[in-house]
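Read off the chains here:
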Amino acid sequence: MTESSQTETKTPRFSELKLDFPYDPSDEQVVFFKKLTGISDDEELKNHVLSVQEEAWKVAHYMCIRTFGFMKLSIVRQKKYPDLLKLGKENPQAIYLEFACCFGNDARKAISDGYPLHNVVTSDIEKPFWDLGHKLFKTTPETFPVPFVHGSVFDPLLIAPHEPFYESPLTPRPVLSTLTSLTPLQGHVSAIHVAAFFHLFDKEEQITAARALASLLSPVPGSFIFGGHGTQPKSGAGTFKNFRGKDVHCFSPEDWASLWDGEIFKKGTVEVKYEMLNLKEIFKNSDKVIEQSSLSWGGTYLMWSVTRL
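Definitions and limits used
Residues numbered from 1 in each chain as written. Predicted model: local features only at pLDDT ≥ 70, side-chain atom pairs only at ≥ 80, totals over all residues. Heavy atoms only, no water. UniProt positions renumbered as here; feature names shortened; annotations may be inferred. Buried < 20%, exposed > 50% of the residue type's maximum accessible area, 1.4 Å probe, protein only. Helix = DSSP H or I, 4+ residues; strand = E, 2+ residues; numbered from the N terminus. Pairing = 2+ DSSP bridges. Phe/Tyr/Trp six-rings, centres within 6.5 Å; stacked < 30°, edge-to-face > 60°. Polar contact = N/O pair within 3.5 Å; in protein donor to acceptor, adjacent residues only side chain to side chain. Contact = heavy atoms within 4.5 Å.

As named in an unreviewed UniProt entry, the protein chain is Methyltransferase domain-containing protein, taken from Schizopora paradoxa. As its UniProt record puts it under Sequence similarities (unreviewed entry), the protein chain is described as follows: "Belongs to the class I-like SAM-binding methyltransferase superfamily." Under the heading Pathway (unreviewed entry), UniProt records this for the protein chain: "Secondary metabolite biosynthesis."

Describing the pairing of strand 9 (residues 300–308)
When you tally the buried positions in strand 9, you get nine out of nine residues, the bulk of the element. Residues Thr 300, Leu 302, Trp 304, Val 306 and Arg 308 point to one face of strand 9 and Tyr 301, Met 303, Ser 305 and Thr 307 to the other, with burial holding for every one of them. Bridge analysis of strand 5 (residues 224–230) against strand 9 gives seven bridges, and the strand direction is antiparallel. Paired with Gly 228 across the bridge in strand 9 is Met 303. Sheet analysis places strand 8 (residues 270–278) next to strand 9, joined by nine bridges and oriented antiparallel. Counterpart to Met 276 in the pairing with strand 9 is Leu 302.

Overview of the packing of aromatic side chains
All told, the structure shown has 24 aromatic pairs when counted by the stated rule. Here the aromatic rings of Tyr 23 and Phe 68 are separated by 5.6 Å at their centres, their planes lie at 75 degrees, and the arrangement is edge-to-face. Here Tyr 23, found in the segment before helix 1 (27–37), pairs with Phe 68, found in the loop between helix 3 (63–66) and helix 4 (81–90); they are 45 residues apart in sequence, far enough to count as distant. Comparing Tyr 23 with Phe 68, the two get one shared label, buried. Seen in terms of ring centroids, Trp 256 and Trp 260 are 5.9 Å apart; in terms of plane orientation they differ by 75 degrees. Their pairing is edge-to-face. Taken together, the positions of Trp 256 and Trp 260, both in helix 8 (residues 253–260) and four residues apart, correspond to about one turn of that helix. Residue Trp 256 is classed as buried on the basis of its relative accessible area of 0%.

Overview of unusual backbone geometry
The backbone of Ala 100 shows a phi angle near 55 degrees, a positive value even though the residue is not glycine. Residue placement: Ala 100 occurs in the loop between strand 1 (95–99) and helix 5 (105–112). In the Ramachandran plot, Ala 196 falls in the positive-phi region, its phi being about 50 degrees despite a non-glycine side chain. With respect to the secondary-structure elements, Ala 196 resides in the loop between strand 4 (189–195) and helix 7 (203–216).

Here's the deal with the side chain of His 188
Tracing the backbone through its elements, the reader meets His 188 in the loop between strand 3 (148–150) and strand 4. A relative accessible area of 14% means that His 188 is categorised as buried. Within the local environment of His 188, its side chain forms a polar contact with the backbone oxygen of Thr 171, the two atoms lying 3.0 Å apart. Apart from residues no more than four positions distant in its own chain, His 188 is found in contact with Ile 95, Pro 169, Thr 171, Pro 172, Arg 173, Pro 174, Leu 216 and Ser 218.

Written out as structure tokens, the structure reads:
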């Protein structure tokens, strides 16, 4: 989920921000939310979304909450998205993990497009967001029984430290509904989607998070991690800080690829693909997002995938 920090001179501190960002969803978003919520009236849908947004803002002041990032359906912009849907159709055992899932909008989109619900698991550091996802989409744990595992990527109780798997794990495929951590998934996950997440952290934190997620990925060729986050064309500390007051590190696309192919995974065991996009190419209202959230990386967004060979 997107978390942009504010400079002293350009924009207010996070604690001073208000929910005054314009509600102006795209036609695609409106169709999707009407379909899943059952709300057909535009004004009723708007009021419903604004009500959930207000509750979520009390949980954490993430920019993706303020700027309606939870309505963006970023997963469909990924070139690997058709591969994800194909995987779900052709492999009855393929586990898909939506990490840093927030309300679960991307997971719900994939499921609505045909990915088997019983093979999906989600995780986020903020459990209230998952609960609010049920409220947003008018579901319950019974009507939408996708397992949610609460925790931080840096907590070994969520993901125990482990190198990536290059052979099939000795542990059995876990029953997803019984998960209380992600450790039993190590070496078993066929696809991991993680959007607007890595730009929350400094360099070492990003590397630690990448190692943790890599340990979950199946060694079967074709298994993949994919996602997107804000960065800059050249590596180095960004000219902004995150909401914890820490410098945000930006990996250039080339350095991001080298990190995964050679440091996280053994060199030559994965294929990394990427493209650098401007937010204007991806999302409606991106100009307002850039202006109001002081995205010092200039609104550039890295879309990437790491696929096992």
